[in-house]
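Each chain, written out:
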Amino acid sequence: MFNVGKIKIDKAVLLAPMEDVTDLSFRLVCKELGADVVYTEFVNSEGLVRGSEKTHKKLKIHDDERPVGIQIYGGNPVSMIEAAKIAEDENPDIIDINAGCWVKNVVGCGAGSALLKDPDFMQRLIKGVVDAVKIPVTVKTRIGWDENSIQIIDIAKRLEDIGVAALTVHCRTRKMGHRGESDWSWIPRIKESVSIPVVLNGGVFTAEDAKRAFDETNADAVMIARGAIGNPWIFLEAKELLTNGKITTIIDDELKINSCLKHLRLAIEIKGERRAVIEHRKFYSDYLKGMHHASKIRIELMQYYNYDSVEKCLLGYLEKLKSFSISGSELKTN
């Protein structure tokens, strides 16, 4: 049971915080398709404290996406405390601390998974945040810095002791990045050591993966990251499989293209047309994956700067797919 503050959801399926992906438009799409809890992109505490307008915009949330968490990161305890207070003013349901990001520019400033190198410091920093705000604070981390320093059991106990409300564990080390297999065997061991909810992250790319994660580990929730990029229907499929034992919705080309366009329309409402259309280009490859001659359509879409052109291109492409009775499951030529 994902029991955090006022949130109580059995076998919850969560959308992970991802930089340049989980903005408000994508979160709303995933929420509509069944994501139980969604998280913002991870927000730089130093940028918030300095008053960066670009950073503060990442805190924008909408009631339609609740429950929603704001994730912050940083390596300076004072800045993290102040950033948490700023985030709390936006009235999220959860404040999450990123203690798992593995990329160099985050680790280099002592944030993300760099905190795993010094559990004492990590504990002090997170305690400062927990004590500074009134809403639940959760933490997302990894099993360790590398294979020789896996301390997740000790860290989980420390975090529970200081009042952390739940722990999400990406079941790889920092050294692994996204390489290799996620070691889900750590989840039941962590659950035996603490009483707070433990969320499994890493290696969940299909609805079947989500069900297997619950079945094998008894996790309190499953968090999906890369598996949701260009594939927000993974939440719909996972909820159907977990609830009914089978997936009944057919994810066809029409649903994919219409979801892609809806995602873009929401982004335009938030960011403005030109910026949203340009930024949306990174999603086409995943939304159109497996469709006949999709590579040609992706190339065409790269030249557009307005919604009408994108819509005309994609709906015209959809009509061609229908006229030739081509489905993504029958022809995969890309």
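Residues numbered from 1 in each chain as written. Predicted model: local features only at pLDDT ≥ 70, side-chain atom pairs only at ≥ 80, totals over all residues. Heavy atoms only, no water.

### What to know about the nonpolar core
Across soluble globular proteins, nonpolar side chains show a tendency to be buried alongside one another. Among the nonpolar cores identified, the biggest contains 111 residues, and F2, I126 and L314 are the most heavily contacted of them. No other element matches helix α15 (residues 307-323), which puts seven residues into this core. Look past the residues within four positions of L314 in its chain and what remains in contact with it is I257, C260, L261, Y284, L288, I297 and L301. If you look at the next biggest cluster of nonpolar residues, it comprises five residues, including Y73, C101, V106 and A111. (Core = buried A, V, L, I, M, F, W, Y, C linked by side-chain atoms within 4.5 Å. Buried < 20%, exposed > 50% of the residue type's maximum accessible area, 1.4 Å probe, protein only. Helix = DSSP H or I, 4+ residues; strand = E, 2+ residues; numbered from the N terminus. Contact = heavy atoms within 4.5 Å.)

### Some points on the pattern of salt bridges
For the structure on display, the rule yields 21 salt bridges. One salt bridge connects K211 with D215, and the closest N-O pair in it is separated by 2.8 Å. Residue K211 and its partner D215 are both found in helix α9 (residues 207-217); the two are separated by four residues, about one turn of the helix. In this structure, a network of salt bridges that share partners links the residues D23, K271, R275 and E279. (Salt bridge = Lys/Arg side-chain N within 4 Å of Asp/Glu carboxyl O.)

### Description of the packing of aromatic side chains
On inspection of all chains with the given rule, the structure shows three aromatic pairs. Consider the rings of F26 and F283, whose centres lie 6.0 Å apart with planes at 15°: the pair is stacked. Of this pair, F26 sits in helix α1 (residues 24-32) while F283 sits in the loop between α12 (273-280) and α13 (284-287), and the two are 257 residues apart along the sequence. There is no split in this pair, since F26 and F283 are both buried. Arranged with centres 5.8 Å apart and planes meeting at 75°, the rings of W233 and Y287 form a pair that is edge-to-face. Placement of W233 in helix α10 (residues 233-244) and of Y287 in helix α13 is noted, with a sequence separation of 54 residues between them. Given a relative accessible area of 0%, Y287 falls into the buried group. Its guanidinium or amino end placed over the ring of W145, K117 lies 4.7 Å from that ring's centre, counting from NZ or CZ. One cation-aromatic arrangement involves R281 over Y305; the distance from NZ or CZ to the ring centre is 4.9 Å. (Phe/Tyr/Trp six-rings, centres within 6.5 Å; stacked < 30°, edge-to-face > 60°. Lys NZ or Arg CZ within 6 Å of the ring centre and 35° of its normal.)

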